[in-house]
Amino acid sequence: MLVVIITVINYVDRGAISYAANPMIEEFGLDKVAWGQVLGYFGYGYMVGALIGGILADRKGPRWVWIWAVSLWSIFEVGMAFAGDIGIALFGGSALVGFAVFRILFGVAEGPTFSTINRTMANWATVRERGFAASLGLLGTPLGAMLAAPIAVFLLTATGSWRWMFIILGVVGLIWLFFWLRYFTDRPENNPRVSPEELAVIRNTDDMLADERSVSTEDEKLPWWAFFKSRTLVLNAIGYFAFQYVNFMILTWTPKYLQDNFGFNLGSLWYLGMIPWIGACFTVLLGGRISDWLRRKTGSLWIARSGFAAGSLLLTTICFCLIPTVDTVWAVLLIMTIGNALNSLPNAVYWIVIIDTAPTRAGTYGGISHFITNIATIVAPTLTGFLVMLHGYNSMFIATAVATAIGMLAMIFVRPGIRTKRAKTETAA
């Protein structure tokens with residue numbers, strides 16, 4: 001539950017800026033391209049933070065990473081209230097440079113979140129419930145994105161200032177950290193609230209499949225670069241890129257799209273901005289359960305992980321291809337909600353594949369995977385800004401469909417539990 005809460009805070013903090021788009025654009029004279037760049041700067045830092053965070057989670061432990069990550073991202077969230085003014089004062093009168101500095105630093109601080117969650121789940125989850133445990137940790141993604149709408153709109157309306165919104169959100173993160181430190185430990189062995197019976201269940205390996213058992217006892221000193229020798233891990237990261245593209249396109253541009261294309265005001269966005277995320281809050285949990293069920297019923301990690309993800313991405317692609325064919329806001333939101341729900345269905349799979357394939361390096365390889373994945377946090381908002389400026393809003397949905405189609409093709413060739421061709425031969429023998 002603590003992991004879910006901090007993920008919600010993480011996503012509310014990163015999503016709130018989208019609801020402050022109009023006053024910020026107006027105050028600093030930004031156009032759609034510049035605004036897309038402001039949103040995209042986050043991704044440059046996030047990629048670096050994801051990579052570093054995964055390595056540190058393996059070496060220092062998740063608790064140490066959580067302390068630094070939450071502290072810093074909360075401070076930089078507060079700093080966003082003054083970023084434009086700092087840019088004008090210190091960077092040649094450029095508010096855009098000020099936003100770039102703070103958005104990049106904010107991204108670095110938020111980057112370790114999911115690779116650290118992966119290390120946490122590798123430490124705490126039972127073998128047979130890896131799917132559900134990972135999906136539970138990821139529940140905060142759609143839930144936080146959904147709650148960003150009412151929370152951001154409430155703070156903007158109640159305070160009358162987009163600056164106060166950032167300040168309050170940053171302070172909330174620091175308050176959460178104070179309480180969280182009292183309960184969380186890196187491993188169940190270190191937690192006095194875990195009984196010996198519970199620990200025995202967590203550490204039981206009787207339910208492992210052959211592919212899982214073959215990698216579970218391998219040397220923990222696998223080099224970081226071994227990630228790139230694995231077709232499975234690289235293609236899995238590309239599949240996850242597709243998920244993140246959808247995620248960030250909706251998170252960063254939907255509020256502005258609803259205002260520009262359908263004329264909604266800020267007061268309407270508190271509920272309209274929630275709609276695309278409602279289904280995803282359920283499917284992110286359901287997907288982990290389905291993946292675990294498929295694993296037990298079929299005995300095939302490919303069906304349970306890769307095939308499941310590829311099918312979901314195919315349906316997601318179809319949904320985003322359909323959006324430009326409708327012309328009412330409710331039809332758009334309905335199809336977007338279904339597409340986002342399907343996209344979130346295999347969210348946990350991308351992380352479970354890493355644990356299935358390299359459990360002793362879940363943090364490091366999770367960080368590398370997340371680094372590749374989060375190229376989408378730059379590409380999605382930045383490319384969308386250019387596309388919208390040149391071709392209108394429908395183009396952003398077509399670009400999203402192209403991204404998910406690429407992800408679908410990548411996941412077809414993912415083989416969980418097998419890092420290299422050599423390992424596959426040894427497993428078969």
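Read on for a plain summary of the structure. (Residues numbered from 1 in each chain as written. Predicted model: local features only at pLDDT ≥ 70, side-chain atom pairs only at ≥ 80, totals over all residues. Heavy atoms only, no water.)

This next bit is on the overall build of the protein. When helices and strands are counted, the protein shows 22 helices and zero strands. Evaluated residue by residue, the protein yields a buried proportion of 60% over its 429 residues. At a minimum sequence separation of 6, the contacts of the protein that also span at least 24 residues come to 84%. Summed over its atoms, the accessible surface of the protein is roughly 16500 Å², and 68% of this surface lies on carbon and sulfur atoms. (Helix = DSSP H or I, 4+ residues; strand = E, 2+ residues; numbered from the N terminus. Buried < 20%, exposed > 50% of the residue type's maximum accessible area, 1.4 Å probe, protein only. Contact = heavy atoms within 4.5 Å. Areas by Shrake-Rupley, 256 points an atom, 1.4 Å probe, with all protein chains shown as cover.)

Moving on: the side chain of Arg163. As for its position among the elements, Arg163 is in helix H10 (residues 162-180). Side-chain polar atoms of Arg163 contact the backbone oxygen of Ala81, separated by 3.1 Å. A polar contact is formed between the side chain of Arg163 and the side chain of Asp85, at a distance of 3.0 Å. The residues contacting Arg163, other than those within four sequence positions of it, are Glu27, Phe28, Ala81 and Asp85. (Polar contact = N/O pair within 3.5 Å; in protein donor to acceptor, adjacent residues only side chain to side chain.)

Looking at the element boundaries, Phe91 is found in the loop between helix H5 (83-90) and helix H6 (95-110). Relative accessible area serves as the criterion here: at 35%, Phe91 is assigned to the partly exposed category. Residues in contact with Phe91, not counting those within four places in the same chain, are Ile86, Val97, Gly98 and Val101.

Let's shift gears to a nonpolar patch on the surface. Nonpolar side chains collect at one region of the surface, where Tyr44, Val48, Ile52, Ile104 and Val108 lie side by side and expose about 380 Å² of accessible area between them. Broken down by secondary-structure element, the contributors of at least two residues to the nonpolar patch are helix H3 (32-59) and H6. Here the nonpolar patch gets three residues from one element, more than from any other, and that element is H3. Inspection of the secondary structure assignment puts Ile104 in helix H6. (Patch = residues over 30% accessible without salt bridge, like charges linked within 9 Å, V, L, I, M, F, W, Y side chains within 5 Å. Salt bridge = Lys/Arg side-chain N within 4 Å of Asp/Glu carboxyl O.)

By the secondary structure assignment, Gly45 is in helix H3. Exposure remark for Gly45: the relative accessible area of 1% places this residue in the buried category. Along the primary structure Gly45 and Ala109 are separated by 64 residues, whereas in three dimensions their C-alpha atoms are 7.8 Å apart. If we skip the residues at most four places from it in the chain, Gly45 touches Ile104, Gly107 and Val108.

This paragraph deals with helix H13 (residues 231-262). For H13, built from 32 residues, the straight-helix expectation of 46 Å at 1.5 Å per residue is met to within 8% by its first-to-last C-alpha distance of 44 Å. Along its length, H13 reaches its greatest deviation from straightness, about 50°, at Trp253, and the proline Pro255 lies no more than four positions downstream. Positive backbone phi, approximately 75°, marks Gly263, located one or two places after H13. (Expected span 1.5 Å × (residues − 1). Bend = angle between axes of the 7 residues up to and from the residue.)

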